[in-house]
Amino acid sequence: MRKSVFASVVSGTVALATCASVPLTSAVAHEEHQMECNETAINAMNADIQSMGDGEAKTTALKEMAMAEDMMAKKDMEACMAHMHNAMEALEK
Amino acid sequence: MSASKITRYWLIAASVGAALLAVIGAASLAIYAGTYNFAADIPHTGPVYWLLETARERSIAVRAADVVVPDDLGDPKRIASGAGQYAEMCSFCHLAPGMKRTEISRGLYPRAPELRRGSDLTPAEEFWVVKHGVKMTGMPAWGVTHNDEILWDVVAFLRKLPELTPDEYQALVKSAPKTHDEMMQEMESRPMDHEGH
């Protein structure tokens, strides 16, 4: 019993330490007809991309999302939307 | 062993112990402070996602290793029956050919995989996942309420799903020999069959 409690505490703390030590990565789910350049849409899209299998499409989608976030930070919403659209196209391949 | 060597080993052991305690302490504080965001609309960080994904994949692979796969997964009757079950039990989250994303599929985190795009899982792994579900993903353990035969029908259908057009999918669902409710009634009139793992 004591061993299993100890194992749980150690594994839990290791996982938490990993979370705490890593900066939050960029945001992501979406739907074409209501795609917007905001944090919620970017988070939803990033969640969709996370579930993709590794490959060229995922790499492209991640790059496009990174650019979309850059553009959002620069308040260039049109460019942000364009990159999100590209990411979505890669996502749906 | 010389006294200085023993002292050095003790120092190393004490340092490792202290470092471990510091990590456990910091992590405990982080847990108590609610640092990690469990909201489903904020994705995990890359390393956390990788850690959970890898742990889940290995857990499934190890536990599915003993599952005996029936040799009739290509049987058209099984596939048609599985299509009917899939449409009732799975499509709301995992979608289907020609189906738009549902509200639940858009809000689940981690995302339920769109199975029409195929899967990396083996039939044994698919069966294990369908039967036992997956913690903290929204995937239920269908084995609690369904017998193995019904679940294997679903697996048989999943092997076929990526090849189907929307029309073929609809035709297959319509050709299912029994509706989900009929299957459940039939199953309830017989004892549960739990041969698989």
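Presented here is a report on the structure given in the accompanying data block. Given the structure is predicted, the values throughout are model-derived calculations rather than measurements.

## Considerations on the overall build of chain A
Now for step 1: Of regular secondary structure, chain A possesses four helices and zero strands.
Now for step 2: The N-to-C order of helical and strand elements in chain A reads α-α-α-α.
Now for step 3: Within the span of chain A, comprising 93 residues, buried residues form 39% of the whole.

## Some thoughts on the side chain of aspartate 153 of chain B
Now for step 1: The residue aspartate 153 of chain B is located in helix H7 (residues 148-160) in this model.
Now for step 2: Contacts of aspartate 153 of chain B, omitting those with residues within four sequence positions, involve Arg78, Ser81, Gly82 and Met183 of chain B.

## Comments concerning the side chain of glutamine 50 of chain A
Now for step 1: Position of glutamine 50 of chain A among the secondary structure elements: in helix H2 (residues 39-50).
Now for step 2: Residue glutamine 50 of chain A is classed as buried on the basis of its relative accessible area of 13%.
Now for step 3: Ignoring any residue separated from it by four or fewer positions in sequence, one finds glutamine 50 of chain A in contact with Lys58 of chain A together with Pro43, His44, Thr45, Tyr49 and Tyr109 of chain B.

## A few points about the packing of helix H3 (residues 76-89) of chain B against helix H8 (residues 166-174) of chain B
Residues and elements named next belong to chain B.
Now for step 1: Across the interface, H3 lies against H8 with an axial gap of 7 Å and an inter-helix angle of 100°. Between H3 and H8, the crossing angle belongs to the class labelled roughly perpendicular. The residues of H8 that touch H3, namely those facing Ile79, Ala80, Ala83, Tyr86 and Ala87, are Tyr169, Leu172 and Val173.
Now for step 2: Among the residues forming the contact of H3 with H8, the class breakdown is eight nonpolar, no polar and no charged.

## Comments concerning the environment of isoleucine 79 of chain B
All names here are of chain B.
Now for step 1: Locating isoleucine 79 in the fold gives a position in helix H3.
Now for step 2: Taking relative accessible area as the criterion, isoleucine 79 reaches 10% and is therefore assigned buried.
Now for step 3: With 63 residues separating them in the primary sequence, isoleucine 79 and valine 16 have C-alpha atoms 57 Å apart.
Now for step 4: In this view, isoleucine 79 contacts Leu73, Gly74, Ala156, Phe157, Lys160 and Leu172; residues no more than four positions away in its chain are not counted.

## Comments concerning the nonpolar core
Now for step 1: In terms of nonpolar packing, the biggest core is built from 30 residues, with Tyr86, Phe157, Leu161, Tyr169 and Leu172 of chain B touching the most fellow members.
Now for step 2: When contributions to this core are tallied by element, the ones reaching two or more residues are helix H2 (46-64), H3, helix H6 (123-132), H7 and H8 of chain B.
Now for step 3: The greatest single-element share of this core, amounting to seven residues, is contributed by H7 of chain B.
Now for step 4: Leucine 161 of chain B has contacts with Tyr86, Pro97, Leu115, Arg116 and Tyr169 of chain B, leaving out every residue within four places of it along the chain.
Now for step 5: If you look at the next biggest cluster of nonpolar residues, it comprises 18 residues, including Cys37, Met45, Met71 and Ala90 of chain A.

## Comments concerning the pattern of salt bridges
All names here are of chain B.
Now for step 1: Applying the stated criterion across every chain yields a total of 12 salt bridges over all chains.
Now for step 2: Residue arginine 78 is joined to aspartate 153 by a salt bridge in which the shortest nitrogen-to-oxygen separation is 2.6 Å. Linking arginine 78 in helix H3 with aspartate 153 in helix H7, this pair joins segments that are 75 residues apart in sequence. Both residues of the pair, arginine 78 and aspartate 153, belong to the buried class.

## Considerations on the packing of aromatic side chains
All names here are of chain B.
Now for step 1: Tallied over the entire structure, the rule returns four aromatic pairs over all chains.
Now for step 2: Between tyrosine 86 and phenylalanine 157, the ring centres sit 5.1 Å apart and the planes meet at 50°, which makes this aromatic pair tilted. Placement of tyrosine 86 in helix H3 and of phenylalanine 157 in helix H7 is noted, with a sequence separation of 71 residues between them. Pair check on accessibility: tyrosine 86 and phenylalanine 157 agree, each one buried.
Now for step 3: Between phenylalanine 127 and tryptophan 152, the aromatic rings sit 4.1 Å apart at their centres with planes inclined by 5°, giving stacked as the arrangement. Linking phenylalanine 127 in helix H6 with tryptophan 152 in helix H7, this pair joins segments that are 25 residues apart in sequence.
Now for step 4: The buried category is assigned to tryptophan 152, whose relative accessible area is 4%.

Here is what the cut-offs are and how they apply
Residues numbered from 1 in each chain as written. Chains lettered and ligands numbered in written order. Predicted model: local features only at pLDDT ≥ 70, side-chain atom pairs only at ≥ 80, totals over all residues. Heavy atoms only, no water. Helix = DSSP H or I, 4+ residues; strand = E, 2+ residues; numbered from the N terminus. Buried < 20%, exposed > 50% of the residue type's maximum accessible area, 1.4 Å probe, protein only. Contact = heavy atoms within 4.5 Å. Axes fitted to C-alpha atoms, helices over the stretch in contact; angles between N-to-C directions. Parallel < 35°, antiparallel > 145°, perpendicular 65-115°, else oblique. Nonpolar A, V, L, I, M, F, W, Y, C, P; charged D, E, K, R; others polar. Core = buried A, V, L, I, M, F, W, Y, C linked by side-chain atoms within 4.5 Å. Salt bridge = Lys/Arg side-chain N within 4 Å of Asp/Glu carboxyl O. Phe/Tyr/Trp six-rings, centres within 6.5 Å; stacked < 30°, edge-to-face > 60°.

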